[in-house]
Amino acid sequence: MNDIEQVMQNAREAFDSYKNLSPAKRAGFLNEIAAAIEAAREQLVPVAHQESNLPLGRLNGELTRTTNQLKMFARLIEEGSWVEAAIDTADESRTPRKPDTRKMLMPVGPVVVFGASNFPFAFSTAGGDTASALAAGAPVIIKGHSSHAETSQIVFKAMQVAIQKAGVHPCTVQHVLGSGSTVGKALVEHPFTTAVGFTGSFHGGRSLWEYANQRETPIPVFAEMSSINPVVFLEDTLQKNAAALAKQYAGSITLGMGQFCTNPGLLIAVQSEGLDNFLSLLGAEFTRIDPDKMLNSNIHASYHAALDKALAQKGIEKVGQAEKNAGEGEAFPTVAKVKANIFLQNPHLSEEVFGPYSLAVCCDNKEELKTVIRQLKGQLTTTIMGTDADVEANGDVISLQVTLAGRIILNDVPTGVEVCASMVHGGPFPATTDGRFTSVGTTAIKRWVRPVCFQGFKDNMLPDALKNSNPLHIWRIVNNEWTQQSI
Ligand code: NAP
């Protein structure tokens, strides 16, 4: 038996045990993971800093976000109503007889999670994908990211401590390192794998989706891939607030050297004096931003290759660039502009440049601006910046934006994703492979479950969530009414 075969046999065994644990026991396990990671903070943060070049402050914040995510999912499953229990009791008097049917969400089986390079904690080994899958009752096989392999191993060690303390099956979480195209592919293709979580490049996510669909039994791949997060700037705000907008957006475009999937990579506006002023102020802001190290040498090389390609396109004009020269491994923050008629004819200009780069598209009029939005592919976010008067006059633009992305933002920046029940971090392809789901927030759990209906079962044979006495005290829909009452 090869290593992957053994890992997947283990995962299947773990599933048989883990799926039957009570929500309280699973919640206890998630809280133990959070505690074990917190206990390893002093060791983890410096190692992650060394491996990723991310600042210590950011990594400390990200570790806290990671443990908070684990605790958030623990609370969700302890409360329990997320299983969407629905009960329709039998009606013997009806013709034909109406059977007793009861539905709830149940875990799909072993889930493979690919760690992301740009979030060594929050989207990696014990990140949101893993936390939500474990909360759902699915064991997880983590394919650690090679650019922070040691960080990933330390987090996994902490998870093993939690496995022992919580007394769950020892293979509820397994960790694999190695190349994506061999180890990663084999994990996705293995018949015991039932779903995949991924955050990374379009090429990587698309490849995993293809492996999954070429299997004898295709499985869902929840890949968060490519987004340029278009921002529409309206005329009145450009005229009144150009300096503040330039500062705010220079900060957002270059935050974390642009290595966020929500980075605002496209700025769209109708030509005006206000726009010219805003772009010259934005360019000036960029001259004052120092180049900084990117996550790893591959990402650095890809950024500069993609930047050179973007700037070499016909009609592109540089608006601003860092004045200080970039050192080894450092990204050169850059902003450029192009006329909308050229943008509309060149698909390369709407490709993601992963790093501190943004392109401003200058439209002749509102109709052209709407054509630009209509031509864009699916996005994680889209933003509208405007005064009250602007927004009132542009309902049609906002309506187009709603069809484009998973999150529509008014007068703010897209970087920064709140972890909460109402968050949507997803969007139509190619932002993700399935725009009906989110990878951030409590509803991320819905990726790892499927609805199961029990028909005609005796009460003692039903899962607790569907029993007459409602022993978990959860909200359920009983004969079309929301209630926490027993039947
Ligand atoms: P990535 O290359 O997509 O890799 C993410 C994970 O998926 C890694 O574990 C990788 O394995 C695996 N993988 C990639 N291609 C695969 C394939 N064909 N088959 C199986 N597994 C595969 O993402 P990344 O490492 O974060 O960044 C690489 C480039 O993607 C960057 O240069 C950047 O320009 C671009 N990008 C990244 C993001 C992001 O949010 N992270 C967003 C947009 C673009 P390995 O360990 O073998 O690499």
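Our subject is the structure that appears above.
Remember, predicted model here, so these are calculated numbers, not experimental data.

Draft legend 1. The arrangement of the packing of helix α13 (residues 366-375) against helix α15 (residues 395-404) in detail. Interaxial distance between α13 and α15 falls to 10 Å at its minimum, and their mutual angle equals 10°. The angle between the axes of α13 and α15 places the two elements in the roughly parallel class. Of the residues in α15, those touching α13 at Lys366, Leu369, Lys370, Ile373 and Arg374 are Asp396, Val397, Leu400, Gln401 and Leu404. Looking at side-chain class alone, the contact of α13 with α15 contains 5 nonpolar, 1 polar and 4 charged residues.

Draft legend 2. Geometry of the pattern of salt bridges. Using the criterion set out here, one finds 19 salt bridges in the structure. Close ionic contact of Lys240 with Asp236 constitutes a salt bridge, the shortest N to O distance being 3.0 Å. Remark: Asp236 and Lys240 occur in helix α9 (residues 235-254); sequence separation between them is 4 residues, near one turn of the helix. When its relative accessible area of 18% is taken as the criterion, Asp236 is described as buried. Ionic pairing is found between Asp396 and Lys370, a salt bridge with its closest N-O pair at 3.0 Å. Of this pair, Asp396 sits in helix α15 while Lys370 sits in helix α13, placing them 26 residues apart in sequence. Taking relative accessible area as the criterion, Asp396 reaches 30% and is therefore assigned partly exposed.

Draft legend 3. Spatial organisation of the site of the ligand. Taken together, 22 residues are adjacent to the ligand, and Ser117, His145, Gly180, Ser201 and Tyr211 come closest. At 2.7 Å from an oxygen atom of the ligand is found a side-chain nitrogen or oxygen belonging to His145. Residue Gly180 places a main-chain N or O atom 2.7 Å away from an oxygen atom belonging to the ligand. In the complex, the protein chains occlude 83% of the 850 Å² of accessible area that the ligand would expose alone. Class assignment for the residues of the shell around the ligand results in 7 nonpolar, 13 polar and 2 charged. Two domains share the shell around the ligand, each providing at least three of its residues, namely domain 1 (4-225 + 436-481) and domain 2 (230-410).

Reading guide: rules and limits
Residues numbered from 1 in each chain as written. Predicted model: local features only at pLDDT ≥ 70, side-chain atom pairs only at ≥ 80, totals over all residues. Heavy atoms only, no water. Axes fitted to C-alpha atoms, helices over the stretch in contact; angles between N-to-C directions. Helix = DSSP H or I, 4+ residues; strand = E, 2+ residues; numbered from the N terminus. Parallel < 35°, antiparallel > 145°, perpendicular 65-115°, else oblique. Contact = heavy atoms within 4.5 Å. Nonpolar A, V, L, I, M, F, W, Y, C, P; charged D, E, K, R; others polar. Salt bridge = Lys/Arg side-chain N within 4 Å of Asp/Glu carboxyl O. Buried < 20%, exposed > 50% of the residue type's maximum accessible area, 1.4 Å probe, protein only. Near = heavy atom within 4 Å. Polar contact = N/O pair within 3.5 Å; in protein donor to acceptor, adjacent residues only side chain to side chain. Areas by Shrake-Rupley, 256 points an atom, 1.4 Å probe, with all protein chains shown as cover. Domains from an automatic or database assignment.

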